[in-house]
Amino acid sequence: MKYVAQALISIQIGLFILLSLALFHSCEDEQHRKTKPHKDIGPEFRELTKEYLQLSSDHGIYHNRLVPIGLVDLSFDYPTIGTCWLYEHHRDIDIDSTYWKKASPLGKKMLTFHEMSHCYCGRGHDYGPKAEFNYSSGFTAIFNKILVINKDKAHGYYKDGCPLSIMYPTTVADACYSTHYNDYIKEMFNNCKAY
Ligand SMILES: [Zn+2]
């Protein structure tokens, strides 16, 4: 009985955390889009785009095109806070304006770099040697994060529980971003197919 009660408490905590978590999202199905494609780089993202492209070239990666990006209201699609849209001849990024207002400067940067890694590099939600998740399995990643069992490199995590990559499908704590910042920046250019 005790075990059952504990399990129920964990599930309740899990659900609470699940509801308070924001998901990243990468999507290729433009039919579900409720926002208009961006044509320009929004003012909030000019410096970040410059920094991202500089980091790309530091890693020997050169992109031929720019990815337009802007703030939009994604509340209808909660808990999505960012999306890279991949069309045949166009790519652009939506970032949720409500999340943007609340996020720390580091959180903003890493969310933007996450979406840019989808759009500029064609990266998926691959965050470890055996961890390749797409959007539909984002919930698996959340539960793995909450109820976690295997926090090791083979399963896509550092020992401290931080994911090995910012391509993790959900938001990551700022503490992880600052502790592993240099690794994350280096890792995000792995397997990059330049746009
Ligand atoms: Zn993503």
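All figures in this text were calculated on a predicted structure; none of them were measured in a lab. (Residues numbered from 1 in each chain as written. Predicted model: local features only at pLDDT ≥ 70, side-chain atom pairs only at ≥ 80, totals over all residues.)

Trainee: Tell me what's going on with the overall build of the protein chain, and back it up with residues and numbers.
Mentor: The helix and strand inventory of the protein chain stands at 7 helices and 6 strands. Starting at the N terminus and ending at the C terminus, the protein chain contains elements arranged as α-β-α-β-β-β-α-α-β-β-α-α-α. Taking the contacts inside the protein chain whose residues are at least 6 apart along the sequence as the reference set, 72% of them involve residues at least 24 apart. (Helix = DSSP H or I, 4+ residues; strand = E, 2+ residues; numbered from the N terminus. Contact = placed C-beta atoms within 7 Å.)

Trainee: Got a sec to walk through helix α4 (residues 105-121)? Specific residues and values, please.
Mentor: In this model, α4 (17 residues) spans 23 Å end to end at C-alpha, consistent with the 24 Å of a helix rising 1.5 Å per residue. By the criterion of burial, α4 is predominantly enclosed, with 12 of the 17 residues buried. Burial in α4 covers these residues: Met 110, Leu 111, Thr 112, Phe 113, His 114, Glu 115, Met 116, Ser 117, His 118, Cys 119, Tyr 120 and Cys 121. At the C-terminal side of α4, Gly 122 shows a positive phi close to 70°. (Expected span 1.5 Å × (residues − 1). Buried ≥ 20, exposed ≤ 12 C-beta atoms within 10 Å, placed from the backbone.)

Trainee: Account for helix α2 (residues 46-58), naming residues and giving values.
Mentor: Between its first and last C-alpha, α2 extends 18 Å over 13 residues, near the 18 Å set by a 1.5 Å rise per residue. Just downstream of α2, Gly 60 is the residue with a positive phi angle, here 75°.

Trainee: Explain the pairing of strand β4 (residues 91-96) residue by residue, including any values.
Mentor: Counting buried residues along β4, 6 of its 6 residues qualify, which places the element largely inside the surrounding structure. Both faces of β4 are covered, namely the face carrying Arg 91, Ile 93 and Ile 95 and the face carrying Asp 92, Asp 94 and Asp 96. Sheet topology places strand β2 (residues 69-72) next to β4; 4 bridges connect them, and they run parallel. Across the sheet, residue Gly 70 finds its bridge partner in β4, namely Asp 94. In this structure, strand β3 (residues 80-86) lies alongside β4, joined through 5 bridges in antiparallel fashion. (Pairing = 2+ DSSP bridges.)

Trainee: Help me get a handle on the environment of Tyr 181, residues and values and all.
Mentor: With respect to the helices, strands and loops of the structure, Tyr 181 is situated in helix α7 (residues 181-187). By C-beta crowding, Tyr 181 is classed as partly exposed, having 14 other C-beta atoms within 10 Å. Separated by 71 residues in the primary sequence, Tyr 181 and Met 110 have C-alpha atoms spaced 9.3 Å apart.

Trainee: Residues and numbers for unusual backbone geometry, please.
Mentor: What you tend to see is this: most non-glycine residues have negative phi, and most peptide bonds are trans. The phi dihedral of Asn 191 falls on the positive side, at around 50°, and the residue is not glycine. Along the chain, the position of Asn 191 falls in the segment after α7.

Trainee: Tell me about the nonpolar core, residues and numbers included.
Mentor: Judged by nonpolar contacts, the single largest core of 27 residues is most densely connected at Val 67, Ile 93, Phe 113, Met 116, Cys 119 and Ile 166. Elements with a minimum of two residues in this core: β3, β4, α4 and α6 (174-179). Other than its neighbours up to four places away in sequence, Cys 119 contacts Val 67, Cys 84, Arg 91, Ile 93 and Tyr 195. (Core = buried A, V, L, I, M, F, W, Y, C linked by C-beta atoms within 7 Å.)

Trainee: Residues and numbers for the environment of Ser 104, please.
Mentor: Structurally, Ser 104 can be placed in the loop between α3 (97-102) and α4. We classify Ser 104 as exposed; it has 11 C-beta atoms within 10 Å. In the structure, Ser 104 is positioned 70 residues away from Asp 174 in sequence and 8.1 Å away in space, judged by C-alpha atoms.

Trainee: Run through the packing of α2 against α4, naming residues and quoting values.
Mentor: As a packed pair, α2 and α4 sit with axes 11 Å apart at the nearest point and diverge in direction by 55°. Relative to α4, α2 is oriented oblique. Seen along the crossing, α2 lies across α4 with a hand that is right-handed. Where α2 abuts α4, its residues Leu 48, Tyr 52 and Ser 56 lie against Lys 109, Thr 112, Phe 113, Met 116 and Tyr 120. Residue composition of the contact of α2 with α4, grouped by class: 5 nonpolar, 2 polar and 1 charged. (Axes fitted to C-alpha atoms, helices over the stretch in contact; angles between N-to-C directions. Parallel < 35°, antiparallel > 145°, perpendicular 65-115°, else oblique. Left-handed = near helix turned anticlockwise from the far one by under 90°. Nonpolar A, V, L, I, M, F, W, Y, C, P; charged D, E, K, R; others polar.)

Trainee: Before we move on, can you summarise the confidence of the model for the protein chain with the specific residues and values?
Mentor: Looking at the protein chain, the pLDDT average stands at 79 and 71% of residues meet or exceed 70. Within the protein chain, no element has a lower average pLDDT than helix α1 (residues 2-20), which sits at 39, and none a higher one than α2, at 98. Throughout residues 1-22 the model reports pLDDT below 50, and contacts reaching past four residues in sequence, or to other chains, amount to 14 contacts. Taken together, the stretch residues 133-137 has pLDDT below 50 and engages in 10 contacts with residues farther than four places along the chain or on a different chain. (pLDDT = per-residue confidence, 0-100.)

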